[in-house]
Each structure stands twice: as structure tokens, then as C-alpha cells.
Amino acid sequence: MGSRDKLLKTFTRKQLYIYFITNLLINAVVPYFGFDDRHAVSLFRGAHSMARFLIPMAIFLPFGITFDILKKYFTLLEKEGLAFMLPSHHSKLSFMLKLAGVNALATVIVVTGAMWIIHVSMPAGYSFEGTWLAIISGVIAGGLAVLFTWLPLYVVKKLPSA
């Protein structure tokens, strides 16, 4: 195992813990206290719907984590004197923005599509228990945090070393 791989493994583990715990807690607590009536929460209707929390989370969480983890990792590699090669038509910033944008777009499409399918499948006027939706929101956020900590570093690991 090379020094780059060992550095990546240690860095990834530390970042996974940080992102997972903070996103799990924040994205469960904020919706929980954001619902006016926790016994009648809908997915899309009303001022306090679940979409109000899940859709922004599905955009900003993958974008923010992808961009932040890549920025930290590239800084770490430069500090350690380890080189990497980006595709010839990309600068570091454009590579980070493109990967973060693709991750955010794909996630918001999947989350919105899943919410729409659930919404269409439920009877008219059906509402959900807000406590469970807040827990589910936290679990989704924790899962996205793990995925988007690991995925960008996996992409960078596949880049050739200079």
C-alpha cells in the first residue's frame, strides 16, 4: 500500500465520521422542530411539508460535501508533496465544481422522483407522522454524507499519479 493510499484511507475515515454524525443529527433535528403539527405532515402540500427539508438537502448536501472533501483532499495532497493528474481539459476548480454539480443533480432527481412516487401512491389527504419523517430525513442525510464523502475520493483515487 503506497503512501497516497494510506493517506487517503486515514483521511477518508476521519471525514466520514465528521460528515456522517453532523448530517445525521442536523437533518433529523431541524425537520423535527420545523413541523407545526408532527402528526400530520405531507410530502408536498402545506407550508411545513417534508419537501421543504428533503429537496434542499438533496441539492446542497451532495454539492457541499463533494466540493469540500475534494478541496481538503487536494490541499492535503499538495501539502504532503503527492502529485495527481486531472484530465487535461479541467482545472482543479472546474473538476470540483463539475463533480459536485453532477452529484447534486443526480441526487435531487432521485430524491424528488422517489418522493413523487410515494406521493402519487398514497390516498388523497394522507399525511405522515412527522417524528418518523424526521428520523428518515436524518438517516437519508447520513447515508448521503457517507456516499458523497466516499464517491469523490474514489474518483480522485482512480486519477493517475504524476
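Notes on the structure in this doc start here.

About the thresholds
Residues numbered from 1 in each chain as written. Predicted model: local features only at pLDDT ≥ 70, side-chain atom pairs only at ≥ 80, totals over all residues. Heavy atoms only, no water. Helix = DSSP H or I, 4+ residues; strand = E, 2+ residues; numbered from the N terminus. Buried < 20%, exposed > 50% of the residue type's maximum accessible area, 1.4 Å probe, protein only. Contact = heavy atoms within 4.5 Å. Patch = residues over 30% accessible without salt bridge, like charges linked within 9 Å, V, L, I, M, F, W, Y side chains within 5 Å. Areas by Shrake-Rupley, 256 points an atom, 1.4 Å probe, with all protein chains shown as cover. Salt bridge = Lys/Arg side-chain N within 4 Å of Asp/Glu carboxyl O. Lys, Arg positive; Asp, Glu negative; His and termini not counted. Charge placed at Lys NZ, Arg CZ, Asp CG, Glu CD. Phe/Tyr/Trp six-rings, centres within 6.5 Å; stacked < 30°, edge-to-face > 60°. Core = buried A, V, L, I, M, F, W, Y, C linked by side-chain atoms within 4.5 Å. Axes fitted to C-alpha atoms, helices over the stretch in contact; angles between N-to-C directions. Left-handed = near helix turned anticlockwise from the far one by under 90°. Nonpolar A, V, L, I, M, F, W, Y, C, P; charged D, E, K, R; others polar. Expected span 1.5 Å × (residues − 1).

Attention shifts here to the environment of Asn27. With respect to the helices and strands, Asn27 occurs in helix H1 (residues 3–34). A residue is classified by how much of its surface remains accessible, and Asn27, at 15% relative accessible area, is buried. The sequence separation of Asn27 and His90 amounts to 63 residues, and the corresponding C-alpha distance is 33 Å. Ignoring any residue separated from it by four or fewer positions in sequence, one finds Asn27 in contact with Met57, Leu61, Ala134, Ser137, Gly138 and Ala141.

A surface patch of like charges, here positive, comprises Lys9, Arg13, Lys157 and Lys158. Locating Lys158 in the fold gives a position in the segment after helix H4 (130–157). By relative accessible area, Lys158 is classed as exposed at 57%.

Another point: the packing of aromatic side chains. One pair of aromatic rings is described through two measures. These are the centre distance and the angle between the planes. Per the stated rule, a full pass over the model turns up six aromatic pairs. Relative to Phe128, the ring of Tyr126 lies with its centre 5.1 Å away and its plane at 80 degrees, an arrangement referred to as edge-to-face. Judged by its relative accessible area of 18%, Phe128 falls in the buried class.

Right, let's get into the environment of Phe95. Relative to the assigned elements, Phe95 resides in helix H3 (residues 92–121). Since its relative accessible area comes to 8%, Phe95 is described here as buried. For the pair Phe95 and Phe67, spaced 28 residues apart in the sequence, the C-alpha separation amounts to 9.4 Å.

Moving on to the pattern of salt bridges. By the definition in use, this model includes two salt bridges. Between Glu78 and Lys92 there is a salt bridge; the shortest N-O distance is 2.4 Å. Taken together, the residues span a long stretch of sequence, with Glu78 in helix H2 (residues 51–80) and Lys92 in helix H3 at a distance of 14 residues.

This next bit is on the nonpolar core. One finds Leu70, Tyr73, Phe74, Phe95 and Val156 to be the most contacted residues of the largest nonpolar core, which totals 37 residues. Sorting the residues of this core by element identifies H1, H2, H3 and H4 as the ones contributing at least two each. The leading source of residues in this core is H2, at 13 residues.

Running from N to C, H2 and H4 point in directions that differ by 35 degrees, and their axes come no closer than 9 Å. Seen from above, H2 lies across H4 with right-handed handedness. Side by side, H2 and H4 meet where Leu54, Met57, Leu61, Pro62, Ile65, Thr66, Ile69, Leu70, Tyr73 and Phe74 of the first sit next to Ser137, Ile140, Ala141, Leu144, Ala145, Phe148, Thr149, Pro152, Leu153 and Val156 of the second. Partitioned by chemical class, the residues of the contact of H2 with H4 number 17 nonpolar, three polar and no charged.

Turning our attention to H3. Between its first and last C-alpha, H3 extends 44 Å over 30 residues, near the 44 Å set by a 1.5 Å rise per residue. Buried within H3 are the following residues: Phe95, Met96, Leu99, Ala100, Asn103, Ala104, Thr107, Val108, Val111 and Met115.

A separate point is a nonpolar patch on the surface. Together, Tyr17, Phe20, Ile21, Leu25 and Val146 make up a nonpolar patch on the protein surface, roughly 470 Å² of accessible area in all. At four residues, the largest contribution of residues to the nonpolar patch is made by H1. Within the element layout of this structure, Tyr17 appears in helix H1. Accessibility expressed as a relative area gives 54% for Tyr17, which makes it exposed.

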